[in-house]
Amino acid sequence: MSGGPRLQAPRGTFDVLPGGSPARLSFFNLCQDRLGGAGLGYAETPIFEDTELFARGVGEATDIVQKEMFTLEDRAGRSLTLRPEGTAGVCRAYVEHGMHKLPQPVRLWYWGPFFRHEAPQAGRYRQFTQIGAEALGSDDPAVDAELILLLAELLEEAGVRQLRLRLSSLGTAAARRDYADELRAHLRAREEELSSEVRSRIEANPLRAFDAAHAGTRAVLADAPKLLDRLAPEDAEHFAEVRALLDDAGLGYEVDPSLVRGLDYYTRTVFEFTSDALGAQSGVGGGGRYDGLVEQLGGPPTPAVGWAAGVERILLAAAGEPQRGASPTVFVAWENSRRAAFAVARRLRESGVTVQMEQAGRSLKGQLKHADRLRARFAVVAGEDDLELRDLRTGQARAIASVEEILEVVEAS
Ligand code: AMP
């Protein structure tokens, strides 16, 4: 076998290894517990979809579609894209499986890998993990408020530090179009003060100017008309109701009229959670209402709302004590009796005990040291016809007659 240069994971990707995975798994369990407990069903959609889904669903003029998609051609020449976000796929599945015929709203949550061709930096990767929730089929402001509260609860329970919530409303697509014209006129009038990037997007997507960090652009925007002041009465009322529900729940937030978010499909409520414990990439999760998206993807008119949050950023912003993997309760040691040890380990496991057995050819002394290092509670030394049980806290050892007896001692401990 010949070697070759050492291979590395692609730029902007990372390995999740046992040293780092316990916090991640316990966050997954928390999500399952809280979102499942709130009645959301778990769903998975494919990691790649037809490119057209994102072109239509995310918006041709967005950064994601223009610059950040990993797109490939399959052998039949079809264009496929590694999903950059989860909402479009969920909407596609909702339409494809006729979920509009189910009792509404259909409430789902998902967890999985997403892909964006961005410049990697701390908290920004090319493959990252999102946890997301969507509720399709209701325009009730209580759905918006409920989903926001669920995300707030998850982030708080995960221990995300210095959390802030910004909230706004974008109104309907029609109100936004009128507003975009008004904003275009304002930007054109002071075009020379804008960054070249914003200038080049005045026509296609003027609202994205609000995301710019450029000082001149920000000065122009400070005097710009606000979409929040242009909402139709029913949209303003919807937003007021969402806020009232959040107020009643005691959740703090800041109304931020400059919040537009990077995706084109949002209508009405938009929100974003940030953590000041993170650096430049401070967004931990966000979302909003997308009342037109399902229809845009060929489904019936379906109001909907959802969010997605970055698992890696949540864990970074929550970083506390590094957690250890779960210690086994029993370590099964052996010298000449692998099969006996294997059988004991299997029977203990069948009874629900967490068990590890020796698998590295250590001496008996080395095995007991290893059991200590694993912080096992007990060690069983398995011989052909005899068992010895050691309490690793007290150091006491005694002969024991059967696996049942081990179970009794473990249960009583
Ligand atoms: P978005 O769909 O852009 O609203 O992203 C939702 C959340 O996903 C963000 O708040 C981040 O926490 C996370 N996220 C987005 N892009 C990346 C990335 N390139 N690397 C890591 N996390 C990301």
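Conventions used here
Residues numbered from 1 in each chain as written. Predicted model: local features only at pLDDT ≥ 70, side-chain atom pairs only at ≥ 80, totals over all residues. Heavy atoms only, no water. Helix = DSSP H or I, 4+ residues; strand = E, 2+ residues; numbered from the N terminus. Rg over C-alpha atoms; globule rule 2.2 N^0.38 Å. Buried < 20%, exposed > 50% of the residue type's maximum accessible area, 1.4 Å probe, protein only. Contact = heavy atoms within 4.5 Å. Areas by Shrake-Rupley, 256 points an atom, 1.4 Å probe, with all protein chains shown as cover. Lys, Arg positive; Asp, Glu negative; His and termini not counted. Charge placed at Lys NZ, Arg CZ, Asp CG, Glu CD. Pairing = 2+ DSSP bridges. Axes fitted to C-alpha atoms, helices over the stretch in contact; angles between N-to-C directions. Salt bridge = Lys/Arg side-chain N within 4 Å of Asp/Glu carboxyl O. Right-handed = clockwise from strand over helix to strand, strands pointing away. Core = buried A, V, L, I, M, F, W, Y, C linked by side-chain atoms within 4.5 Å. Patch = residues over 30% accessible without salt bridge, like charges linked within 9 Å, V, L, I, M, F, W, Y side chains within 5 Å. Phe/Tyr/Trp six-rings, centres within 6.5 Å; stacked < 30°, edge-to-face > 60°.

With that settled, consider the overall build of the protein. In terms of regular secondary structure, the protein is built from 14 helices and 16 strands. The C-alpha atoms of the protein give a radius of gyration of 27 Å, which is well past the 22 Å a tight globule of 413 residues would have. Looking at the protein residue by residue over its 413 residues, the buried ones come to 48%. Residue pairs in contact within the protein that sit at least 24 positions apart in sequence constitute 69% of those at least 6 positions apart. Accessible surface computed for the protein: about 20,800 Å², of which carbon and sulfur atoms make up 49%. Mean positive and mean negative side-chain charge positions of the protein (49 and 61 charges, respectively) differ by 7 Å.

Ordered by their spatial adjacency, five strands build an open sheet running β13-β12-β14-β15-β16, and the pairing between neighbours is mixed. Looking at which strands have only one partner, the edges of the open sheet turn out to be β13 (355–357) and β16 (397–400). Pairs of neighbouring strands in the sheet enclose a mean axial angle of 25°, with direction left out of account. With five bridges connecting them, strand β14 (residues 378–382) and strand β15 (residues 387–391) associate as antiparallel partners. Bridge assignment links Val-381 to a residue of β15, and that residue is Glu-388. Helix α12 (residues 338–350) rests against β12 (330–334), β13, β14 and β15 of the sheet, and its axis sits at about 170° to β13. On top of the sheet, helix α13 (residues 364–373) reaches β12, β14 and β15; it is set at about 170° to β12, its chief contact.

Enumeration over the complete set of coordinates arrives at 34 salt bridges. Taking the shortest distance from any N to any O, the salt bridge between Arg-92 and Glu-49 comes out at 2.8 Å. Of this pair, Arg-92 sits in helix α4 (residues 87–96) while Glu-49 sits in strand β2 (residues 48–50), placing them 43 residues apart in sequence. On the accessibility criterion, Glu-49 (7% relative accessible area) is buried. Of the charged contacts, one joins Arg-107 and Glu-146 as a salt bridge, the two residues approaching to 3.0 Å between their closest N and O atoms.

This brings us to unusual backbone geometry. The peptide bond linking Gln-104 to Pro-105 adopts the cis configuration, its omega dihedral lying at -5°. Of note, Pro-105 is situated in the loop between α4 and β5 (106–115). At Arg-375, a residue that is not glycine, the phi angle is positive and equals roughly 60°. Topologically, Arg-375 is positioned in the loop between α13 and β14.

A word on the sheet that holds strand β11 (residues 304–310). With respect to topology, eight strands assemble into an open sheet ordered β1-β5-β6-β11-β10-β9-β7-β8, the strand pairing being mixed. Both outer strands of the open sheet, β1 (41–42) and β8 (254–255), are each paired with one neighbouring strand and no more. Of the pairings in the sheet, the one linking strand β6 (residues 127–136) to β11 comprises seven bridges and is antiparallel in character. Each residue of the ladder has a partner; that of Ile-131, found in β11, is Ala-309.

With respect to the secondary-structure elements, His-100 resides in the loop between α4 and β5. Along the sequence, His-100 and Pro-5 sit 95 residues apart, while their C-alpha atoms lie 53 Å from each other. In contact with His-100, not counting residues within four places along its chain, are Tyr-94 and Pro-300.

Turning our attention to the pairing of β12. Note on strand geometry: in a regular strand, side chains alternate between the two faces of the sheet. In terms of residue burial, β12 counts as a mostly covered element, since five of its five residues are buried. Residues Val-330, Val-332 and Trp-334 of β12 are buried on one face, and the alternating residues Phe-331 and Ala-333, pointing to the opposite face, are buried as well. As judged from the three bridges shared by β12 and β13, these two strands associate in the parallel manner. Note on β13: the bridge partner recorded for Val-330 is Val-355. Note that the unit made of β12, α12 and β13 has a crossover that is right-handed. Of the strand pairs in this sheet, β12 and β14 are connected by five bridges, and their pairing is parallel. Counterpart to Ala-333 in the pairing with β14 is Val-381.

In this structure, Cys-91, Leu-136, Leu-183, Leu-187, Leu-207, Leu-221 and Tyr-290 are the most contacted members of the largest nonpolar core, which totals 46 residues. Setting aside its immediate chain neighbours within four residues, Leu-183 contacts Pro-206, Leu-207, Phe-210, Leu-221 and Ala-224. In terms of nonpolar packing, the next biggest core, distinct from the first, is built from 39 residues, Phe-27, Leu-150, Val-160 and Phe-239 among them.

Let us now look at a negative patch on the surface. On the surface, a cluster of negative charge is contributed by Asp-139, Asp-140, Glu-234, Glu-237, Glu-241, Asp-247 and Asp-248. Given the relative accessible area of 47%, Asp-247 is considered partly exposed.

Take the packing of aromatic side chains next. Describing an aromatic ring pair means giving the distance of the ring centres and the angle of the ring planes. The final tally for this structure, using the stated rule, is 11 aromatic pairs. Plain terms: the ring middles of Phe-271 and Phe-273 are 6.4 Å apart, the flat faces sit at 85° to each other, and that makes the pair edge-to-face. Phe-271 sits in the buried class, given a relative accessible area of 1%. These aromatic residues form a ring-pair network of at least three members: Phe-27, Phe-28, Tyr-42, Trp-109 and Trp-111.

A word on the environment of Thr-172. On the secondary structure map, Thr-172 appears in the loop between β7 (163–169) and α6 (173–189). For Thr-172, a relative accessible area of 30% translates into the label partly exposed. Taking the C-alpha atoms as reference, Thr-172 lies 10.0 Å from Arg-289; in sequence the two are 117 residues apart.

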